[in-house]
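# Summary of structural features
Below are the chains, spelled out letter by letter.
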Amino acid sequence: MNRARKSQDPKMRAQEVLAELDVMRCPVAVDYIAQKKGITVRFMPLEEGLSGMIFAKHTAIIIVNSLHHPNRQRFTLAHELGHFELHMKEIGAEVHVDKKFLAFARDAKSSLGLDRKEVEANRFAGELLVPQQLLIQELRGRVIDAEDEALIAELADRFEVSRQMMTFRIGELVEYRVR
Amino acid sequence: MQESELYSRFGQRVRQHRERLNLNQAEVARAVGLSRASIANIETGRQRTPIHHLYRLARALRVDVHALLPAPSEEPQTIIDCEIQSAVELSKREMEEVAKVVGVITSDESRGV
């Protein structure tokens, strides 16, 4: 694969990964993606406040807190995959640890660059778990309302993500279409 | 608490019991079969005591071995020997857990598990 063609934009990078591994089906097989990328993934019980971590040894190693809800574990893995795709050079020999991801916000500010990494990893994870293209297909012919709780719940279950994430993704899509 | 701290606490206990019995370091050394310098070093935590010496020390000081050992709450904590980065600050407990997990996985990897 041509490295120069890899996008540094989190959403585009997620789309590239989905296309490259031909996994554009819901629910998106995040563990398969990690496996195909040669990443060692371990699900282990961790302190409640810790979601996951990533560090490099001979391979990249991702650890996911197995005590969290399965959908949250999928999100943690997708978020760490975002770090893998976008930030391994910056992480270097350190262990990058992720606590609870409170916001999917796209414009958090930071001088350290750590928050920027988190925002990017969240955007990557959002697109990976709920690809825009699949979401548009799912919503075709329906009335889109980001406050329709039954719709949110149904789609969250289909994509195996939290309702919070689905609400955010639908909101983002509406915004995108208005533009 | 670091490992060295554990040995200095052990040494403090040895000294307390020796003084309680009004013994000097040379007397304890003779009873245990060590040099006076060794006893002095044990008391300051500079020398690490093997288990068979622990039993001899306890006998010489007329106490149970447990009386010389620091309490479990005083045991050394995990040494954090990896560089950790996080957007949100980690508690000490969390940092220790990260270090532990990384240590376990790294040693698994080097054994080819």
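An account of the accompanying structure is given in this report. (Residues numbered from 1 in each chain as written. Chains lettered and ligands numbered in written order. Predicted model: local features only at pLDDT ≥ 70, side-chain atom pairs only at ≥ 80, totals over all residues. Heavy atoms only, no water.)

## Here's the deal with the overall build of chain B
- Tallying secondary structure elements over chain B gives six helices and one strand in all.
- Traced from its N-terminal end to its C-terminal end, chain B shows the element sequence α-α-α-α-α-β-α.
- Residues classed as buried in chain B amount to 38% of the 113 residues present.
- Within chain B, contacts between residues at least 6 apart in sequence are counted, and of these 59% link residues at least 24 apart. (Helix = DSSP H or I, 4+ residues; strand = E, 2+ residues; numbered from the N terminus. Buried < 20%, exposed > 50% of the residue type's maximum accessible area, 1.4 Å probe, protein only. Contact = heavy atoms within 4.5 Å.)

## Comments concerning the pattern of salt bridges
- Following the criterion strictly, the structure yields 19 salt bridges over all chains and no others.
- With its nearest N and O atoms 2.8 Å apart, the salt bridge here joins E94 of chain B to K99 of chain A. Here E94 of chain B, found in helix α6 (residues 92–110), pairs with K99 of chain A, found in strand β4 (residues 95–99), and the two come from separate chains. With respect to class, E94 of chain B is no different from K99 of chain A; both count as buried. (Salt bridge = Lys/Arg side-chain N within 4 Å of Asp/Glu carboxyl O.)

## Remarks on the packing of helix α2 (residues 25–32) of chain B against helix α4 (residues 51–60) of chain B
Residue and element names in this part refer to chain B.
- Relative to each other, α2 and α4 sit at 125°, their axes nearing to 9 Å. As summarised for this structure, α2 and α4 are arranged oblique, according to the angle between their axes. Read as a crossing pair, α2 and α4 show a hand that is right-handed. Contacts between α2 and α4 involve V28, A31 and V32 from the first element and R56, L57 and A60 from the second. (Axes fitted to C-alpha atoms, helices over the stretch in contact; angles between N-to-C directions. Parallel < 35°, antiparallel > 145°, perpendicular 65-115°, else oblique. Left-handed = near helix turned anticlockwise from the far one by under 90°.)

## A word on α2 of chain B
Residue and element names in this part refer to chain B.
- Along α2, the residues classified as buried are Q25, V28, A29 and V32. Along the axis of α2, the buried residues cluster in a sector spanning 105°; they form a single face. Among the exposed residues of α2, those oriented more than 90 degrees off its buried face are R30 and A31.
- As for α2, its buried residues are in contact with α1 (3–20), α3 (36–44) and α4.
- For α2, the N-terminal cap is N24; the gap from its side-chain oxygen to the backbone nitrogen of A26 is 3.2 Å.
- Looking one or two places after α2, you find G33, whose phi comes out positive at around 90°. (Arc of directions from axis to C-beta. Polar contact = N/O pair within 3.5 Å; in protein donor to acceptor, adjacent residues only side chain to side chain.)

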